Amino acid sequence: MKFKSVIIFFNVLMVLFLGVIFVMPLVILGKDMAFGFWRSGWFLAPLILLILAAGDLYFGLNYRIYTLLEKEDWPALIQELENKVLQKRRYSSRLVILLLNTYLVLSDTRSVTELEKRLFMAKKNLVNGNALSFGTARILQKDYQGAAEFFAARLPESGINGRIKGRAEWLRWYHGFSLLLSRRFEEAAESFSLLAREGRDAVPSGLSSYFLNETLAAFLPRLSAELKKDAEAGKERVKKSLPGRNGWNREHKRIETEVYAAVLQPYMEKTANYLYGAGI
């Protein structure tokens, strides 16, 4: 739906709602009872008008941003967001996330790093709250050691990731993945084994099982049997949670729009083949 259409729809909806509230009693209840309803419910009119004014003000203030999004004019959008966030220092979560994701869409990881530095000084909680995206930028830059350190500092045991609700297992998986890319195989195996054995989220558990069985068992031959055992345990746990390949595909669809999930794409199909068999 076009942005202008959203604005028009919102205004029409609010006006219709106002009309229904104050016209329907007259039609249904009659004039005398309608007057009684209006006297007791008069406050609804200014409330609806206030919502309408607030909505229009929001649309007005963000009109350029949403029209640039609609046009997919990424360079102009970045310029607009940088003016608001970096120049005017409006560090709102909404603007920061939009700027961060636009940088990543354009693979401008250097700008992500600069944004992180600015936020770390001005509003650190926004760095921690978007740790998956900021950490992924390090991986895309091939700064695997830096990514490992970044994620390690935000694991549950670090005590600073309180705002990253529901993402603890993904933080641990990306930490393990960064360690793997840094060729710190035993540490990576430790992270992946924990997720395979105990993870509650099927996707990071499944990915961990795949890497344990297909990669780390080969790089750590003396631990191969133990790693394959953990991988098998994780595989069975994932298959209980997602009994068929369709379930895995649904989970893949659910996360594929997340910008931080870009590095997962080469491995999702391979992991599905490992879990369910090729072509099943």
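Please refer to the structure placed before this passage.
Residues numbered from 1 in each chain as written. Predicted model: local features only at pLDDT ≥ 70, side-chain atom pairs only at ≥ 80, totals over all residues. Heavy atoms only, no water.

S.K.: Could you clarify how one ought to interpret the overall build of the protein chain in this entry?
M.R.: Counting secondary structure elements, the protein chain contains 16 helices and zero strands. Out of the 280 residues belonging to the protein chain, those deemed buried represent 44%. Taking contacts inside the protein chain between residues at least 6 apart in sequence as the whole, the part at least 24 apart equals 59%. (Helix = DSSP H or I, 4+ residues; strand = E, 2+ residues; numbered from the N terminus. Buried < 20%, exposed > 50% of the residue type's maximum accessible area, 1.4 Å probe, protein only. Contact = heavy atoms within 4.5 Å.)

S.K.: Looking at this structure, I do not really get the packing of helix 15 (residues 245-256) against helix 16 (residues 265-276). What am I missing?
M.R.: Between two packed helices, what matters for the description is the angle formed by their axes and the separation of those axes. Packing of helix 15 against helix 16 brings their axes to within 10 Å, and their N-to-C directions diverge by 165 degrees. Taken together, helix 15 and helix 16 sit at an angle that is classed as roughly antiparallel. In this structure, helix 15 meets helix 16 at a crossing whose hand is right-handed. Contacts from Arg 245, Trp 248, His 252, Ile 255 and Glu 256 in helix 15 reach Gln 265, Met 268, Glu 269, Thr 271, Ala 272, Asn 273, Leu 275 and Tyr 276 in helix 16. When the residues that make up the contact of helix 15 with helix 16 are grouped by side-chain class, the tally is six nonpolar, four polar and three charged. (Axes fitted to C-alpha atoms, helices over the stretch in contact; angles between N-to-C directions. Parallel < 35°, antiparallel > 145°, perpendicular 65-115°, else oblique. Left-handed = near helix turned anticlockwise from the far one by under 90°. Nonpolar A, V, L, I, M, F, W, Y, C, P; charged D, E, K, R; others polar.)

S.K.: What's the story with the environment of Gly 234 in this structure? I'm lost.
M.R.: You can see Gly 234 is positioned in helix 14 (residues 224-241). Expressed as a C-alpha distance, the spacing of Gly 234 and Leu 195, which sit 39 residues apart in the sequence, is 7.8 Å. Once residues lying within four places of it in the same chain are set aside, the contact partners of Gly 234 are Ala 196 and Ser 209.

S.K.: What exactly am I supposed to notice about the packing of aromatic side chains here?
M.R.: Describing an aromatic ring pair means giving the distance of the ring centres and the angle of the ring planes. Within the structure shown, the criterion is met by 17 aromatic pairs. Each ring, one from Phe 177 and one from Phe 211, has its centre 5.9 Å from the other, and the planes form 50 degrees; the classification is tilted. Of this pair, Phe 177 sits in helix 11 (residues 168-181) while Phe 211 is found in helix 13 (residues 202-219), placing the two residues 34 residues apart along the sequence. On the basis of relative accessibility, which here comes to 3%, the residue Phe 177 falls in the buried class. Taking NZ or CZ as reference, Arg 154 lies 4.0 Å from the ring centre of Phe 150, over its face. For the cation-ring pair, Lys 235 lies above Tyr 274, with the distance from its terminal atom to the ring centre recorded as 4.9 Å. (Phe/Tyr/Trp six-rings, centres within 6.5 Å; stacked < 30°, edge-to-face > 60°. Lys NZ or Arg CZ within 6 Å of the ring centre and 35° of its normal.)

S.K.: I keep staring at the side chain of Ser 208 and nothing clicks. Help me out?
M.R.: Structurally, the position occupied by Ser 208 is in helix 13. On the accessibility criterion, Ser 208 (0% relative accessible area) is buried. Excluding residues within four positions of it along the chain, Ser 208 makes contact with Trp 173, Phe 192, Leu 195 and Ala 196.

S.K.: So what exactly am I meant to see when it comes to helix 9 (residues 131-140) here?
M.R.: Given 3.6 residues per turn, any residue in an α-helix points the same way as the ones three and four places further on. Counted residue by residue, helix 9 has nine buried out of 10 residues, so it is predominantly covered. If you check which residues of helix 9 are buried, you get Ala 131, Leu 132, Ser 133, Phe 134, Gly 135, Thr 136, Ala 137, Arg 138 and Ile 139. Buried positions along helix 9 lie against helix 6 (93-105), helix 7 (109-122), helix 8 (124-129), helix 10 (144-152) and helix 11. Of the residues trailing helix 9, Lys 142 is marked for its positive phi of about 65 degrees.

S.K.: Whenever I open this one, the nonpolar core confuses me. Can you help?
M.R.: Considering soluble globular proteins, one finds that nonpolar side chains tend to be buried as a cluster. Within the largest apolar cluster, 68 residues are counted, with the highest numbers of intra-cluster contacts made by Leu 115, Trp 170, Trp 173, Tyr 174, Leu 216, Trp 248 and Leu 264. By size, the runner-up hydrophobic cluster in this structure holds six residues, among which are Phe 10, Met 14, Ile 48 and Phe 59. (Core = buried A, V, L, I, M, F, W, Y, C linked by side-chain atoms within 4.5 Å.)

S.K.: Sorry if this is basic, but what is going on with the packing of helix 13 against helix 16 here?
M.R.: For the pair helix 13 and helix 16, interaxial distance at closest approach is 9 Å and the crossing angle is 80 degrees. In terms of orientation, helix 13 and helix 16 fall into the roughly perpendicular class. Residues Val 203, Gly 206, Leu 207, Ser 209, Tyr 210, Phe 211, Asn 213 and Glu 214 of helix 13 pack against Tyr 267, Met 268, Lys 270, Thr 271, Tyr 274 and Leu 275 of helix 16.

S.K.: Can you help me understand the environment of Phe 134 in this one?
M.R.: Residue position: Phe 134 is located in helix 9. If sequence neighbours within four positions are ignored, Phe 134 has contacts with Leu 100, Val 112, Leu 115, Glu 116, Leu 119, Leu 126, Val 127 and Phe 150.

S.K.: Explain unusual backbone geometry here, please?
M.R.: In most cases, non-glycine residues show a negative phi, while peptide bonds are predominantly trans. Look at Arg 89: it is not a glycine, yet its phi comes out positive at around 55 degrees. With respect to the element layout, Arg 89 can be found in the loop between helix 5 (74-87) and helix 6. Judged by relative accessible area, Arg 89 falls into the exposed class, the value being 60%. The backbone of Lys 142 shows a phi angle near 65 degrees, a positive value even though the residue is not glycine. Looking at the element boundaries, Lys 142 is found in the loop between helix 9 and helix 10.

S.K.: What should I look at first to understand the side chain of Asn 213 in this one?
M.R.: Relative to the assigned elements, Asn 213 resides in helix 13. Once residues lying within four places of it in the same chain are set aside, the contact partners of Asn 213 are Lys 228, Ala 231 and Tyr 274.

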